[in-house]
Amino acid sequence: MAEEELKLRGSAFLVGATKPGESGNDTGEHLDELSALADTAGFGEAGRVTLSLRKITSATFIGPGQAEEVGVMAAGLEADIVAIDEDLTPAQARNLETIFDIPVVDRAGLIIDIFASRAQSREARTQVEIAQLDYLLPRLAGRWSHLSRQVGGGPGGTKGEGEKQIELDRRMVRRRLDRLRAELRRLLKGREVRRQSREGMPQAAFVGYTNVGKSSLFNRLVEAGVMVEDRLFATLDPTVRRVDLGQRGAYLIKDTVGFIRKLPHHLVASFRSTFEEAGEADLLVIVVDLSHPTGDAQRETVEAVLEDSGLADREQLVVYNKIDSVPPESLAQLRLAHRDAVFVSALSGEGVEDLAETLGDRLLGREIVTTLEIPCARGDLIALAHRVGNVEECETSETTMRLTLRATNKALSEIR
């Protein structure tokens, strides 16, 4: 869906809730993220409210009196939808819609809607539709409550009550899901073939919270042409590019889908193959938005997803992006506090060469200069030395050839 079309969808009234036992300190920041999600889905912010809950109400999530107040506020602001920063049960969403007389979307529904508008490849579109239907299936109840049961007819008269429309819809959705899952399995086999063709090459995967600049940084490194936009989930499909460092070797880097707090389980399941791209990597490059006020919390979310995916023990490199938005004195302190990290600006290009060098060192090994003495009779080793490194000096005696070679430890291990 084009950006112009998204802007025409209307406005959203945002509702955040501090649940029992929770601190309300983060609720405002969470609503800022919900506002960004709504904007990405094409809804401007009509207004917002934060509610403090004594308990979770099973019928409406928020209390009945609070629901009435939210309905009045949303109607007064002429909001087109009410967006709630929680995952609601189907019954809770229906009950709130009845009270508000305005469509209600929960956090999961909003994210799935965004994914649907962003999916480009056949695989991504299939994954998103599976997530949409998994989300829709338990919410079909009540959509046809205004219809009576269908009545069949025949030569002998009526055969009794027909099936409810809801039952027909459920069967149609389940059949569609079966077809989509079969199609996804076929597509994933093709992905597996492509993965096997990349075996043996060192790989790095860019991971991070959504909208931290992963794709912009990826483009800076390899000029991949990945879509870059200041909206959440601008990139859904993993992109793989080869970086060739000449005699030093080559490696692959991947740009993956961004993570987010409370990513709906429907999407986690559907996009498991996308996350598996990160699992294939030798090095996880965790990109952090240095300018974001909750950058540390976002990094914790990414690390939690990696933990859940069994990737917490994978080798990692932290890259702090957007250093152009941080005062020099603060940046100097951060560099001292995080000596093992790389600091870059995808916008200006500052630090990108350092990142490329670090990736080469981590994936291919650090270059060193060494001297080798190879018997002249071993022409195979002499040729190999020229192939895997840069020969800076060469001295020949009657029986040996003395080479001053610049190469990585990994390359030198092939000769020694």
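Residues numbered from 1 in each chain as written. Predicted model: local features only at pLDDT ≥ 70, side-chain atom pairs only at ≥ 80, totals over all residues. Heavy atoms only, no water.

Q: Looking at this model, I keep getting lost on the overall build of the chain. Mind explaining?
A: From N to C terminus, the chain includes 15 helices and 13 strands. Nonlocal contacts in the chain, meaning residues at least 24 apart in sequence, comprise 68% of its contacts between residues at least 6 apart. Accessible surface, the chain: about 21,100 Å² in total, of which carbon and sulfur atoms supply 48%. (Helix = DSSP H or I, 4+ residues; strand = E, 2+ residues; numbered from the N terminus. Contact = heavy atoms within 4.5 Å. Areas by Shrake-Rupley, 256 points an atom, 1.4 Å probe, with all protein chains shown as cover.)

Q: Quick question: what am I supposed to make of helix 4 (residues 90-100) here?
A: The α-helix winds at 3.6 residues per turn, so residues separated by three or four positions along the chain end up facing the same way. When helix 4 is considered as a whole, its buried residues turn out to be Pro 90, Gln 92, Ala 93, Leu 96 and Phe 100. In an axial view of helix 4, the angular spread of the buried residues amounts to 165°, which keeps them on one side of the axis. Where helix 4 is buried, its residues contact helix 3 (64-76), strand 3 (81-84) and strand 4 (104-106). The first or second residue beyond helix 4 is Asp 101, which carries a positive phi of 60°. (Buried < 20%, exposed > 50% of the residue type's maximum accessible area, 1.4 Å probe, protein only. Arc of directions from axis to C-beta.)

Q: Would you explain the packing of aromatic side chains in this entry?
A: Where two aromatic rings form a pair, the distance of their centres and the angle of their planes describe that pair. This structure, assessed with the given rule, holds 2 aromatic pairs. Aromatic pair Phe 206 and Phe 218: ring centres 6.0 Å apart, planes at 90°, arrangement edge-to-face. Of this pair, Phe 206 sits in strand 5 (residues 203-208) while Phe 218 sits in helix 8 (residues 214-222), and the two are 12 residues apart along the sequence. A single burial state applies to Phe 206 and to Phe 218, both of which are buried. (Phe/Tyr/Trp six-rings, centres within 6.5 Å; stacked < 30°, edge-to-face > 60°.)

Q: Quick question: what am I supposed to make of the confidence of the model for the chain here?
A: Detailed reading of the predicted coordinates is not advisable wherever pLDDT is low. Model confidence for the chain is summarised by a mean pLDDT of 81, while 81% of its residues fall at 70 or above. For the chain, per-element mean pLDDT is lowest for helix 1 (residues 3-6), which scores 40, and highest for strand 10 (residues 342-343), which scores 96. The low-confidence segment residues 1-7, where pLDDT is below 50, has 11 contacts with residues more than four positions distant or belonging to other chains. In this model, residues 144-162 is a region of pLDDT below 50 whose contacts with residues beyond four sequence positions or in other chains number 19 contacts. (pLDDT = per-residue confidence, 0-100.)

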